[in-house]
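Letter by letter, the chains look like this.
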Amino acid sequence: MARPSGKTSFLRGLRVRLTIVNALVMTGLLVALGLFFHNSLQQILDQQTREVLEEEWSAVKSYITIYRNAVDWQWDPDDPDETAAVQRLQEIYFIAGVNGRAMPLENNKGFAVSATYQTLGLQSPEEIKRIIASKGQLWEVRTDPDGEPFQIRGGVIIDDDRPFFLAIGRSLATNRQTLNEFTRNYVRLLPLLVLSSILVGWFVAGRGISPVHELAQAAERISGTNLSLRIPPRGSGDELDNLINTFNNMVERLERSFLMTRQFSTDVSHELRTPLTAIRGQIEVALFTADTKEQYREAMLNALEDVERLSQTVRAMLLLSQAESGQLLLQKSRLDLGAEVTDLVEQFQLPADEARLEMRHEVIGPAWILADRVQIGRMISNLLTNALKYTPAGGKVMVRVLCVEDRVVFEVEDTGVGIAAEFLPHIFDRFYRVPGSSKEKQGLGLGLSFVAWIVKAHDGTLDVDSRKGEGTRFRITFAAAPAVEAPPSEVSASADSATRAAVHPR
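## Notes on the sheet that holds strand β6 (residues 162-171)
Working step 1: Strand order in the open sheet formed by four strands is β3-β6-β5-β4, with antiparallel pairing between adjacent strands. What marks the edges here is a single partner per strand, and that holds for β3 (93-96) and β4 (138-143). Going from strand to strand, the sheet's axes swing by 25° on average, the running direction of each strand aside.
Working step 2: As judged from the four bridges shared by β3 and β6, these two strands associate in the antiparallel manner.

Structure, rendered in structure tokens:
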């Protein structure tokens, strides 16, 4: 069941969907950007902490002296800078010997390990021995009981050729606070950024699809009575202008189709009404006025002639309709166009003589094509019929077939009444009759429509050259059929047809 027409619901509108897609994309980009900046900031802060620890680790070695079994801190107490530096270094440090245990301080002041470091947990003796043996470095993050993280830098120092383990640390609380502050600020800012993207997307989408709304409104105003309506291009040369041009071209084709349909209906009704009226008149005359057998017979013969005319019209319309809708299949085979033209010209010679016309034809060279013989015959017959019909007595009709490189050319030229230039574009339309033609010469208006379809179905080209009062020339070009090895009899026949040029006197 067809869905009733009407306005699109708000939520399903293109503008809303474009805005939603834009908001989702922007939200994803902003989240990804926030994560990128968060990770970058964390890496920068961690790198800065590592650099500071490297400097402090090197500074520790300048302030300590390691005796055989004890560690002594040495600095100038009267220098406040040195005192502050040593106090800072002693906040988080640990010095162990080769046995993996903390070294004692000089003068029984305890062990070389700070209280803060002890809360973080000392490295095991086995781990310390392994680091001393490998002379490696230690980088790790440890957390105190309160959950505060600390970056630890450990390694081996040498004093009097004796290796010792030294580790210092620095709190990461400031780094984490900075990261958390950045995250909170970014999360607070994110809804504002998303809202801004929604507003901008809504505005841009509205500006972008406004021509589409104009196009839809114009389409609603178009009907069978005002197909002349066109939408003016915006002049931007973008996709919307292309859509407008496509729409205008479609309406133009529809307008032509409607005009052709109206003309078709008018012509068909006229073509069918005339013979039907004549048949009815003949039968009524026979019923009401005929008294003898001869009068009845004459009325029936006249009626039969009109029935035959009606049948021809119906058959022609059905055949052309089948051809244009693709229901008429072609049976293509190798066809000697020269021989086909010669046979048909001979059949038309008698009507030409009766009309006092001079008909000539010539075939130059082999003219083999891949074609449906029945349709090619219909094409030639329609062109010859037109040439004879519109050429006055004493005129000439010339038919030529020649092969030019890989093309076969077929021409029908007459010295008839000709066609004015303004009518030439329409002569292949169905039921089209050139204005000014006499009723006696007018046919169904389907012959040239058949010719155009047959040429197109065979991938040929059709050109017309005509001048009013001087005559008309139809030129049709087909692709030549590929050469095949033919039996001797066929080769002989082709040679004969290639060299003949038949001239028939009036």
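Picking up where we left off.
## Brief notes about the packing of helix α9 (residues 373-389) against helix α10 (residues 447-457)
Working step 1: Where α9 meets α10, the axes come as close as 9 Å, and the angle between the chain directions of the two elements is 140°. By the angle class used here, α9 and α10 are oblique. Relative to α10, the crossing made by α9 is left-handed. Where α9 approaches α10, its residues Q375, I376, R378, M379, N382, L383 and N386 are matched on the opposing element by G447, L448, F450, V451, W453, I454 and V455.

## Topic: the pattern of salt bridges
Working step 1: Considering all chains together, one arrives at 15 salt bridges under this definition.
Working step 2: R400 is the partner of E362 in a salt bridge, and the nearest nitrogen-oxygen pair spans 3.5 Å. Linking E362 in strand β8 (residues 358-364) with R400 in strand β10 (residues 396-404), this pair joins segments that are 38 residues apart in sequence.
Working step 3: Exposure remark for E362: the relative accessible area of 24% places this residue in the partly exposed category.
Working step 4: R400 serves as the salt-bridge partner of E411, at 3.3 Å between the closest nitrogen and oxygen.

## Quick word on the packing of aromatic side chains
Working step 1: Throughout the structure, instances matching the rule amount to five aromatic pairs.
Working step 2: Centre to centre, the rings of F94 and F165 are 6.0 Å apart; their planes meet at 70°, and the pair counts as edge-to-face. Separated by 71 residues along the polypeptide, F94 in strand β3 and F165 in strand β6 bring together distant segments of the chain. The pair F94 / F165 is uniform in exposure class, with both members buried.
Working step 3: A network of ring pairs unites the aromatic residues F94, Y117 and F165 as a single cluster.
Working step 4: Here the guanidinium or amino end of R153 rests over the ring plane of W57, the centre of that ring lying 4.1 Å away.
Working step 5: The residue whose ring lies beneath R334 is W368, and the NZ or CZ to ring-centre distance is 4.8 Å.

Cut-offs applied
- Residues numbered from 1 in each chain as written.
- Predicted model: local features only at pLDDT ≥ 70, side-chain atom pairs only at ≥ 80, totals over all residues.
- Heavy atoms only, no water.
- Pairing = 2+ DSSP bridges.
- Helix = DSSP H or I, 4+ residues; strand = E, 2+ residues; numbered from the N terminus.
- Axes fitted to C-alpha atoms, helices over the stretch in contact; angles between N-to-C directions.
- Parallel < 35°, antiparallel > 145°, perpendicular 65-115°, else oblique.
- Left-handed = near helix turned anticlockwise from the far one by under 90°.
- Contact = heavy atoms within 4.5 Å.
- Salt bridge = Lys/Arg side-chain N within 4 Å of Asp/Glu carboxyl O.
- Buried < 20%, exposed > 50% of the residue type's maximum accessible area, 1.4 Å probe, protein only.
- Phe/Tyr/Trp six-rings, centres within 6.5 Å; stacked < 30°, edge-to-face > 60°.
- Lys NZ or Arg CZ within 6 Å of the ring centre and 35° of its normal.

Coordinates in, geometry out; function isn't part of it.
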